[in-house]
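# A look at the structure
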Amino acid sequence: MINRILRGGALSVALISLSLGACKKDEKSAEPAPANVDPAPAKVDPKPEPEPAKVVEEEAGDYFYVEASHAEPKPEDPVNVSFPKVKVVKSSIDLAKMTEATAEIEISMTEIDSGVPKRDGHLGSADYFDAAKFATATIKVSDVKEKEGDSYTAKSEVTVHGVSKTWDVEFTIVEKAEGSITIEAEQSFSRLDFGIGLPEGDSVAADVLAKLRVTLPTS
């Protein structure tokens, strides 16, 4: 019996030892993992470059704008000076009798958009367009002559800054719809013809280019 007790006691000791060993393994495995190394600092984007001056896109819709350059050329030239309010005052157009067509278009000079508000204010001042005194510009179209396809020439009386000039301007019908046509035209001229800006020493070059797109009702 004593031997049986001793064998039983030895077995118990062995079991206890195994249990203690397992606990130590569990404690060791439960030790917290070493702290993560601080990640590399986040990449900081460089300071963004200032946006360039706005460029007018030639897209669907009426527009009138002038391309102007500096007297001393700059990388942003030409600057597009947009006049977003274009209004058809009169229109008498029959596609079957285009040579008899007439129209009058009015452009508001009080809203100017060159992409730089400070410059817009200067252009609208008495130094240039003097929009407070000459709030609108007008284009009166008459004496239409056919060219090729949908291209024509017409007498165009242009009044800007209180001065009127008449040119033979070529225009093209770019869209035809029920009850209307859309035309596009452009004309080079000198701002000095209209008494705009200084004749000498002005920061704006004298020669500019005007571009027009307008939808006209037809009969």
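This report concerns the structure included in the present document. (Residues numbered from 1 in each chain as written. Predicted model: local features only at pLDDT ≥ 70, side-chain atom pairs only at ≥ 80, totals over all residues. Heavy atoms only, no water.)

On to the overall build of the protein, then. Along the protein, the regular secondary structure elements total two helices and nine strands. Going from the N terminus to the C terminus, the protein shows its helices and strands as α-β-β-β-β-α-β-β-β-β-β. Split into buried and exposed, the 219 residues of the protein put 32% on the buried side. Summarising the internal contacts of the protein: among those between residues at least 6 apart in sequence, 52% fall at separations of at least 24. (Helix = DSSP H or I, 4+ residues; strand = E, 2+ residues; numbered from the N terminus. Buried < 20%, exposed > 50% of the residue type's maximum accessible area, 1.4 Å probe, protein only. Contact = heavy atoms within 4.5 Å.)

Scanning the model with the defined rule gives one cavity of 30 Å³ or more in all. Taken as a whole, the largest cavity encloses approximately 80 Å³ of empty space. Lining the largest cavity we find Ile93, Met98, Ala101, Thr102, Ala103, Ile105, Val141, Val144, Phe171, Ile181, Ile183 and Leu216. For the lining of the largest cavity, the elements supplying multiple residues, two or more each, are strand 4 (102-108), strand 5 (136-146) and strand 8 (180-190). Looking at the lining of the largest cavity, the element that brings in the most residues is strand 4, giving three residues. Looking at the lining of the largest cavity residue by residue, the classes come out as 11 nonpolar, one polar and no charged. (1 Å grid on protein atoms, 1.4 Å probe; cavity = no way out; pocket = protein on both sides within 12 Å on 5 of 7 lines; lining within 4 Å. Points joined across faces, edges and corners; volume = space filled by probe spheres on them. Nonpolar A, V, L, I, M, F, W, Y, C, P; charged D, E, K, R; others polar.)

As a further point, take the packing of aromatic side chains. Inspection of the entire model under this criterion finds seven aromatic pairs. Aromatic pair Tyr63 and Tyr65: ring centres 5.6 Å apart, planes at 40 degrees, arrangement tilted. There is no split in this pair, since Tyr63 and Tyr65 are both buried. When the ring of Phe189 is compared with that of Phe194, the centres are 5.6 Å apart and the planes differ by 85 degrees; the resulting orientation is edge-to-face. Note on accessibility: Phe189 and Phe194 belong to one class, buried. Grouped by ring-pair contacts, the aromatic residues Phe64, Phe83 and Phe129 constitute a single cluster. (Phe/Tyr/Trp six-rings, centres within 6.5 Å; stacked < 30°, edge-to-face > 60°.)

Our focus in this paragraph is the layout of surface pockets. The calculated volume of the largest pocket comes to roughly 760 Å³. The wall of the largest pocket is formed by 42 residues, among which Val66, Phe129, Phe189, Val208 and Ala210 lie closest to the centre. Contributing elements (two or more residues each) for the lining of the largest pocket: strand 1 (63-68), strand 2 (79-82), helix 2 (117-124), strand 5, strand 6 (151-160), strand 7 (163-177), strand 8 and strand 9 (207-217). For the lining of the largest pocket, the residue count by class is 29 nonpolar, eight polar and five charged.

Core analysis: the largest hydrophobic core is formed by 43 residues, its most contacted members being Phe64, Phe83, Met109, Phe129, Val160, Phe171 and Leu216. Non-local contacts of Phe83, meaning those with residues more than four positions away in its chain, are made with Phe64, Val66, Ile107, Ser108, Met109, Glu111, Ile112 and Phe129. (Core = buried A, V, L, I, M, F, W, Y, C linked by side-chain atoms within 4.5 Å.)

This paragraph deals with the environment of Thr166. Examined against the element boundaries, Thr166 turns out to sit in strand 7. Here the alpha-carbon distance between Thr166 and Lys140, two residues 26 residues apart in the chain, equals 9.1 Å. Ignoring anything within four residues of it in the chain, the contact list for Thr166 reads Lys155, Ser156 and Glu157.

A separate point is unusual backbone geometry. Residue Pro78 is reached from Asp77 by a cis peptide bond, and omega for that bond is -5 degrees. Backbone geometry places Asp130, a non-glycine residue, at a positive phi of 50 degrees. Tracing the sequence through the fold places Asp130 in the loop between helix 2 and strand 5. Residue classification places Asp130 among the buried positions, given a relative accessible area of 17%. Positive phi is not limited to glycine here, since His161 has a value of about 60 degrees. By secondary structure assignment, the location of His161 is in the loop between strand 6 and strand 7.

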